[in-house]
Amino acid sequence: MRIERVRLYHLRMKLQTPFETSFGRIDSRECVLVEALSEGLSGYGECPADRDPGYSYETCGTTWHILSEFIMPQVIGRDFSKAEALQQTTSFVRGHQMAKAGLEMALWDLLGKAQRKSLQEMLGGVRSRVEVGVSVGLQESAQALVRRVSRYVEQGYARVKIKIKPGRDVQDAQAVRQAFPGLRLQVDANSAYTLNGSGAEDASRLLPLDELGLLLIEQPLDEDDLWDHSKLQKRLRTPLCLDESITTPRHARQALEMGACRVINIKAGRVGGLSQALAIHEICRAQGIPVWCGGMLETGVGRASNLALASLPGFTLPGDISATDRYYAEDITRERFTLNGDSTIDVPHGVGLGVEINREALKKVTLATYEAV
Ligand code: OSB
Ligand code: MG
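Residues numbered from 1 in each chain as written. Chains lettered and ligands numbered in written order. Predicted model: local features only at pLDDT ≥ 70, side-chain atom pairs only at ≥ 80, totals over all residues. Heavy atoms only, no water.

### Looking at the coordination of the magnesium ion (ligand 2)
- Around the magnesium ion (ligand 2), the protein contributes the donor atoms Asp188 (OD), Glu218 (OE) and Asp243 (OD), which lie 2.1 to 2.3 Å from the metal centre.
- Spacing between the donor residues of the magnesium ion (ligand 2) along their common chain follows D-x29-E-x24-D. Of this pair, aspartate 188 sits in strand β7 (residues 184–188) while glutamate 218 sits in strand β8 (residues 217–218), and the two are 30 residues apart along the sequence.
- Classification of glutamate 218 as buried rests on a relative accessible area of 0%. (Donors = N, O, S within 2.8 Å, 3.2 Å for Na, K, Ca; no water. Helix = DSSP H or I, 4+ residues; strand = E, 2+ residues; numbered from the N terminus. Buried < 20%, exposed > 50% of the residue type's maximum accessible area, 1.4 Å probe, protein only.)

### Brief notes about the side chain of serine 42
- Topologically, serine 42 is positioned in strand β3 (residues 41–47).
- The buried category is assigned to serine 42, whose relative accessible area is 18%.
- A polar side-chain atom of serine 42 sits 2.6 Å from a polar atom in the side chain of glutamate 35.
- Look past the residues within four positions of serine 42 in its chain and what remains in contact with it is Glu35, Ala36, Leu37, Asp109, Leu110 and Lys113. (Polar contact = N/O pair within 3.5 Å; in protein donor to acceptor, adjacent residues only side chain to side chain. Contact = heavy atoms within 4.5 Å.)

### Quick word on the pattern of salt bridges
- Under the criterion given, the structure shown has 27 salt bridges.
- Put simply, glutamate 20 and lysine 165 hold a salt bridge, and the shortest N to O gap is 3.9 Å. Of this pair, glutamate 20 sits in strand β1 (residues 5–21) while lysine 165 sits in the loop between β6 (159–163) and α6 (170–179), placing them 145 residues apart in sequence.
- Members of the salt-bridge network, linked through shared partners, are Arg159, Lys161, Lys163, Asp188, Glu218 and Asp320. (Salt bridge = Lys/Arg side-chain N within 4 Å of Asp/Glu carboxyl O.)

Purely geometric stuff here, so don't read any function into it on its own.
Given below as structure tokens:
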């Protein structure tokens, strides 16, 4: 299909509750939505970079810049019969995985619609519903955290991840574990510690987490610090899981060779697109390494993509893919995802992403648009 035009939308959507991590607190979440048009069809993709460079160096601003100045001019007028081909087309851009991933997702959606295939079919997904959990941000106190977790457990989430940061780690996790002895529980530090750091930042403070029966400890150290993760993993029985550190299939392979982790969180956005997510899934599956689908507070567009990805056979741990109402009162898709009684969410089966954009809702949350022909 020849890409005739591409549109960008800068979105800001108010969250149901503020979300706080070790790198900051947000009340609303921003992202860039990509629309690729061809033969009367539109494909949509989501670049999950937020307003601030707290999770990674990418932001809505860098995504906009890289797509509009460099990538869109190379893509418009070009024929794509496979979404994966975008990797070659964009290989002249170093990094900027989320910018590439958003456009790649739009191509998957577009090609799926043209070929009358669901994204799940195109990716090789095998499950019609996937196990999910909820990611709970930092709360005012350990008691407030336990109350918040209780609410999600009552709603039916069978796996909970709590965010931790220096000074708010072992005690918070202990409080949740004490209140919910059988809960599938994991923690995420978003790179807030260093090995042999000073005071509260020293990752050896996290060693008592090993007694709490956690599923995994996610990204305690810096994104560029595979080596120290490998040293820390040797001191823990609990698997370390890398998120920020894994931005390419090569990093996934090297992290596993080094013993820097025993689990990988796959986010298509962070690794440059669904095609790269598939490659990492394959590397891990060949070695029996469990993977799960991470989340970035996506709209219905990114959530549909995450559900299709999480239906692949190697995704054996519950994903950070919660029901729509955990995030947004109003979404930009007509579909709202809901939690089933067994802590799963159904994988969309319509063509492409299987979601329809609610144009009025989209308009309400759009801060700026850009179109190139
Ligand atoms: O580290 O997994 C993370 C949200 C934004 C940026 C980074 C992360 C997260 C989450 C939320 O944990 C997961 C979700 O979408 O529910
Ligand atoms: Mg994470």
